[in-house]
Amino acid sequence: MTHKAVLLDTSFFIRFLNDSDPLFKNADGYFRYFLQKEITMMISTISIAEYCVGGDVHELPLRNLQIVPFNLDHSKRTGELARIVFQNKGKLKLKERNIIPNDTKLFAQADCEKAIEFYVSSDNESLKIYNFLRQESIPKFQFIDLKTPYNETFGLLDF
């Protein structure tokens, strides 16, 4: 049986590593929940690169993370997902942004890696793309919006 895993995006780490961020408490809750439930936490080399634009790789909790390099299978899936997004860009009403560089690459990784069941992000534009792709190609992973506390996402009572 494959062990459950989650892919955490750059926005997760920006919030998790800044205790004055309004979403810090949610990010911290998810991190602790995943540790407690032994859900493997993964970070993409793409998210590491994004994080390093404004932060240092040594700030990331790498000892608790499995690093997912971007590979050929991810590249092929990215092309498939990006094609769908580009063909429907007008329907998505996205703010100006590059679609292929990050959203579809991370989604492709989450979709290709068998263990990944969840993708955690606080990015609204990314959520729009996910919801659209869900209608079109049904990615196998669940998008978790960091704005929703972990206990609500997983149906737990918060004592």
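Below, the structure is looked at part by part. None of these values were measured; they are calculated from a predicted model.

**Some details on the pairing of strand β3 (residues 65-68)**
- In the sheet, strand β2 (residues 40-44) pairs with β3 via four bridges, with the strands oriented parallel. Paired with M42 across the bridge in β3 is Q66.
- Note on the crossover from β2 through helix α3 (residues 45-54) to β3: the handedness is right-handed.

**Notes on helix α4 (residues 72-87)**
- If you check α4, its first and last C-alpha atoms are 23 Å apart, about what 16 residues at 1.5 Å a residue would give, namely 22 Å.
- Between a side-chain oxygen at the N-terminus of α4 and the backbone nitrogen of D73 the separation is 3.0 Å; the capping residue is N71.

**Structural notes on the sheet that holds strand β4 (residues 116-121)**
- Strand order in this open sheet of five strands is β3-β2-β1-β4-β5, and the pairing throughout is parallel. With partners counted over all chains shown, the strands left at the sheet margins are β3 and β5 (142-145), one partner each. Direction aside, the axes of adjacent strands within the sheet are offset by 30° on average.
- In the packing of α3 onto the sheet, contacts are made with β1 (5-8), β2 and β3, and the angle to β2 comes to roughly 65°.

**Some remarks on the packing of aromatic side chains**
- Taken as a whole and judged by the stated rule, the model has 19 aromatic pairs.
- Seen in terms of ring centroids, F107 and Y130 are 6.1 Å apart; in terms of plane orientation they differ by 70°. Their pairing is edge-to-face. Here Y130 lies in helix α7 (residues 124-136) and F107 lies in helix α6 (residues 100-112), a separation of 23 residues in the sequence. You'll find F107 and Y130 in the same group, each marked buried.
- Between Y130 and F143 the ring centres are 5.4 Å apart and the planes differ by 40°, which places this aromatic pair in the tilted class. Highlighted residues: Y130 in helix α7 and F143 in strand β5, separated in sequence by 13 residues. Exposure class is identical for Y130 and F143. Each is buried.
- Clustering of aromatic rings is evident, with ring pairs tying together Y30, Y33, F34, F118, Y150 and F154.
- Of note, K105 hangs over the ring of F70, and the distance from its end group to the ring centre comes to 5.6 Å.

**Let's talk about the environment of R15**
- Inspection of the secondary structure puts R15 in helix α1 (residues 10-16).
- In this structure, R15 is in contact with D21, L23, F24, A27, S122 and L146, ignoring residues within four places of it in sequence.

**Here's the deal with α7**
- The terminal C-alpha atoms of α7 lie 19 Å apart, and with 13 residues this matches the ideal 18 Å at 1.5 Å per residue to within 8%.
- Listed as buried for α7 are E125, S126, I129, Y130, F132 and L133. One side of α7 carries all its buried residues, which in axial view fall inside an arc of 165°.
- At the N-terminal end of α7, a side-chain oxygen is found 2.9 Å from the backbone nitrogen of E125, two or three residues along, and the residue is D123.

**Considering the environment of N64**
- When you line up the elements, N64 lands in the loop between α3 and β3.
- When its relative accessible area of 24% is taken as the criterion, N64 is described as partly exposed.
- Between the C-alpha atom of N64 and that of E152, which follows or precedes it by 88 residues, the distance is 24 Å.

Calculation rules
- Residues numbered from 1 in each chain as written.
- Predicted model: local features only at pLDDT ≥ 70, side-chain atom pairs only at ≥ 80, totals over all residues.
- Heavy atoms only, no water.
- Pairing = 2+ DSSP bridges.
- Helix = DSSP H or I, 4+ residues; strand = E, 2+ residues; numbered from the N terminus.
- Right-handed = clockwise from strand over helix to strand, strands pointing away.
- Expected span 1.5 Å × (residues − 1).
- Polar contact = N/O pair within 3.5 Å; in protein donor to acceptor, adjacent residues only side chain to side chain.
- Axes fitted to C-alpha atoms, helices over the stretch in contact; angles between N-to-C directions.
- Contact = heavy atoms within 4.5 Å.
- Phe/Tyr/Trp six-rings, centres within 6.5 Å; stacked < 30°, edge-to-face > 60°.
- Buried < 20%, exposed > 50% of the residue type's maximum accessible area, 1.4 Å probe, protein only.
- Lys NZ or Arg CZ within 6 Å of the ring centre and 35° of its normal.
- Arc of directions from axis to C-beta.

The quantities given are spatial measurements derived from coordinates; they are silent on function.
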